[in-house]
Structures are given as C-alpha cells and as structure tokens.
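Given next are the chains, with one letter for each unit.
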Amino acid sequence: MAEKSSPFLTDFAQTHPALGILRHAALLAEADAAPDDEELDLLYQQADAGFLLDTEPADIWPELARGLMGRAPSKMIANLRECRALEQVLPEVEALFGVPLLSDEPAEVDLGAHVLKSLDEAASEGAGLSVRFALLTMHVGKSDSPREHLPIHYKHIERARPRIEAIAARFDVAPDCRDLALQALAECERVHRVSKMRAGPIALMLERLGAFDTPETFAHLLAVCACDFRAFPGRSGLPYPKAALLELALGACAELAPGGSEAVQEARALAIARAFRSQRWADEAD
C-alpha cells in the first residue's frame, strides 16, 4: 500500500519554495498535533537554502499575514523559529526571545513568549490584522536595552519607532497596521497606568487617542492594550480594567459639545470626575 502523503506537504509542494515555508508553518499551526520531525526538517532545509532571503518582502507579507490571522499565530511564529526562518523574515522579533520583561509575578517574563501569548489573546478575540501587527512589533525596541537596566527598558520607544517604520516599509503593510503599531508603541504603557484619580489627564488622553474623532481606531488601541495585559501570567481571558475605565470616561463625555478648546476640555474633565465619583459610590454601595 502506498504511503499516504501529508496534506501539509502537498500544499507546500504546490507553493513557491520561499512562500511555501510560511504557508507550511501557518498550516501546521492550525493542526491540533505538534509538527513531526519530517515536516520540521523540510521547513529547515528550505529556509537553510536561502529561498526567503532571495524573495521580496512584499511578496512574503501576504503569507505572514495569513499566519498571523490564524487561530494560533503563536504556533506559526514558533514553527518559523524552529526552522530558523523567523530570523530571516523578522529578525527584530526573533531578537526578543530571551529578553526579560518586568512582571507582577516574582519571576520575570520572556519577552518573546509574551508577544506570542498576546497574539493568541488577539486570535481568541477575533482581532483584526492591524491589532495583531501592533502586538507583533510594538516591543521591538526592547531587544537591545542596556543590560544593566533589565528588566526595565529605558528609551525603548525611541529605538522601536524607526524599526517599526522599517518593518512596515519592508513588507509594504497597510497604513492602518503601521499607524496602530506606532500608536500602541507610544500609548500602551500610558493606558496601562491610567488612574481614576486623574480626570483631567484622562480627558486629554481620550482626545490624543482619537476617542472622540476616530472611535474605531481608539477601540483597536484598547484591543492591543487588553491583549498585552492578558499575555502576562494568570491574566488570560480576564477583563481589562483600564479599558472599562476609559470607556466609562468616554461615555461621560458623550453629550458634550465636540472640539478641543480649553472650555471643552474642562467640561470633559468635570464630567469624567463626576462619573468616577458615581461609579465609586456604586461600587461601595454594592
């Protein structure tokens, strides 16, 4: 009896060798079972032959995006790492593995593993490509943080911005992917630190984040922040409290006049402060 061929190998064989590496890694990520040695060896051989290095990144991006939009993007990235393809396609992301990240837990978090978990959180929420691209790239400035400061990453935003722009240009990604990644880079840590005690700064933050003018973009940023939050140990699937706080603040401003004048900003701050006091009273009454 003839040996039954793997559907993954068949699909791989019908694809351009370089693009087939990415297609194969994405298909393997969709399977419940772990890839076997034969499939991983095939991926390694193709990557080692240099096919990816000889292919235009803009041609690679659709296959990479396909894997990112799968139900287990972390497995796709892990498969690319296993066959040494990730270092050829996204060396900026490969460099994150082994880098420590500060966590609430006693043990430090591996930054590369954190990125993979955040991508899977995005997949579980059915997030769009711009959210997943932002999660994939917004930490790339932390790969070469000064060792004496680790796990703190001083000035990583300044290092990451040109790298994200270079990745976006290299792959010719859609502007919304690039823009959300850059916004998440600048704002995610600020969103994580937002507090009920600062109604005025929250009003200014909402305006800066486009909550009043571009609510869809604001929602995408909150999705990025929520997935990043849930990627930390013990938080998977939990509600993101900062999103609830900002959405409460945004709702408090819904009936106010639009614009960015000083009077409007003051009215928003007062409305947010009242909403926070009311919410606090409700929480205490419960």
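For the structure itself, look to the data block above.
These notes cover the structure that comes with them.

### A closer look at the side chain of asparagine 79
Working step 1: For asparagine 79, the position within the fold is in helix 5 (residues 73-82).
Working step 2: We classify asparagine 79 as buried; its relative accessible area is 7%.
Working step 3: A polar contact of 3.2 Å, which involves the side chain of asparagine 79, links it to the backbone oxygen of alanine 25.

### Re the pattern of salt bridges
Working step 1: For the coordinates displayed, the defined rule picks out 13 salt bridges.
Working step 2: Among the ionic pairs, glutamate 87 bridges to arginine 84, the shortest N-O distance being 2.9 Å.
Working step 3: Between glutamate 207 and arginine 268 there is a salt bridge; the shortest N-O distance is 3.8 Å. Separated by 61 residues along the polypeptide, glutamate 207 in helix 12 (residues 199-208) and arginine 268 in helix 15 (residues 262-285) bring together distant segments of the chain.
Working step 4: For glutamate 207, a relative accessible area of 29% puts it in the partly exposed group.
Working step 5: Judged by relative accessible area, arginine 268 falls into the buried class, the value being 4%.
Working step 6: One salt-bridge network, in which partners are shared between bridges, spans Asp144, Arg159 and Arg163.

### Focus on the nonpolar core
A general trend in soluble globular proteins is that nonpolar side chains are found buried together.
Working step 1: In this structure, Leu64, Met76, Leu80, Leu90, Phe171, Leu246 and Ile272 are the most contacted members of the largest nonpolar core, which totals 85 residues.
Working step 2: In contact with isoleucine 272, not counting residues within four places along its chain, are Ala199, Ile202, Ala203, Leu206, Ala249, Ala252 and Cys253.

### Remarks on the state of the cysteines
Simply put, disulfide is the name for a covalent bond between the sulfur atoms of two cysteines.
Working step 1: With the rule as written, the count across this model stands at 0 disulfides.
Working step 2: Distance from the sulfur of cysteine 227, which forms no disulfide, to the nearest cysteine sulfur (cysteine 225) is 9.5 Å.

### Considering the packing of helix 5 against helix 8 (residues 111-124)
Working step 1: For the pair helix 5 and helix 8, the least separation of the axes is 7 Å and the interaxial angle reads 145 degrees. Together, Pro73, Ser74 and Ile77 of helix 5 and Leu116, Leu119, Asp120 and Ala123 of helix 8 make up the contact between the two elements.
Working step 2: Across the contact of helix 5 with helix 8, the residue classes tally to 5 nonpolar, 1 polar and 1 charged.

Definitions and limits used
Residues numbered from 1 in each chain as written. Predicted model: local features only at pLDDT ≥ 70, side-chain atom pairs only at ≥ 80, totals over all residues. Heavy atoms only, no water. Helix = DSSP H or I, 4+ residues; strand = E, 2+ residues; numbered from the N terminus. Buried < 20%, exposed > 50% of the residue type's maximum accessible area, 1.4 Å probe, protein only. Polar contact = N/O pair within 3.5 Å; in protein donor to acceptor, adjacent residues only side chain to side chain. Salt bridge = Lys/Arg side-chain N within 4 Å of Asp/Glu carboxyl O. Core = buried A, V, L, I, M, F, W, Y, C linked by side-chain atoms within 4.5 Å. Contact = heavy atoms within 4.5 Å. Disulfide = S-S within 2.5 Å. Axes fitted to C-alpha atoms, helices over the stretch in contact; angles between N-to-C directions. Nonpolar A, V, L, I, M, F, W, Y, C, P; charged D, E, K, R; others polar.

Everything listed is a geometric property; what it means functionally is a separate question.
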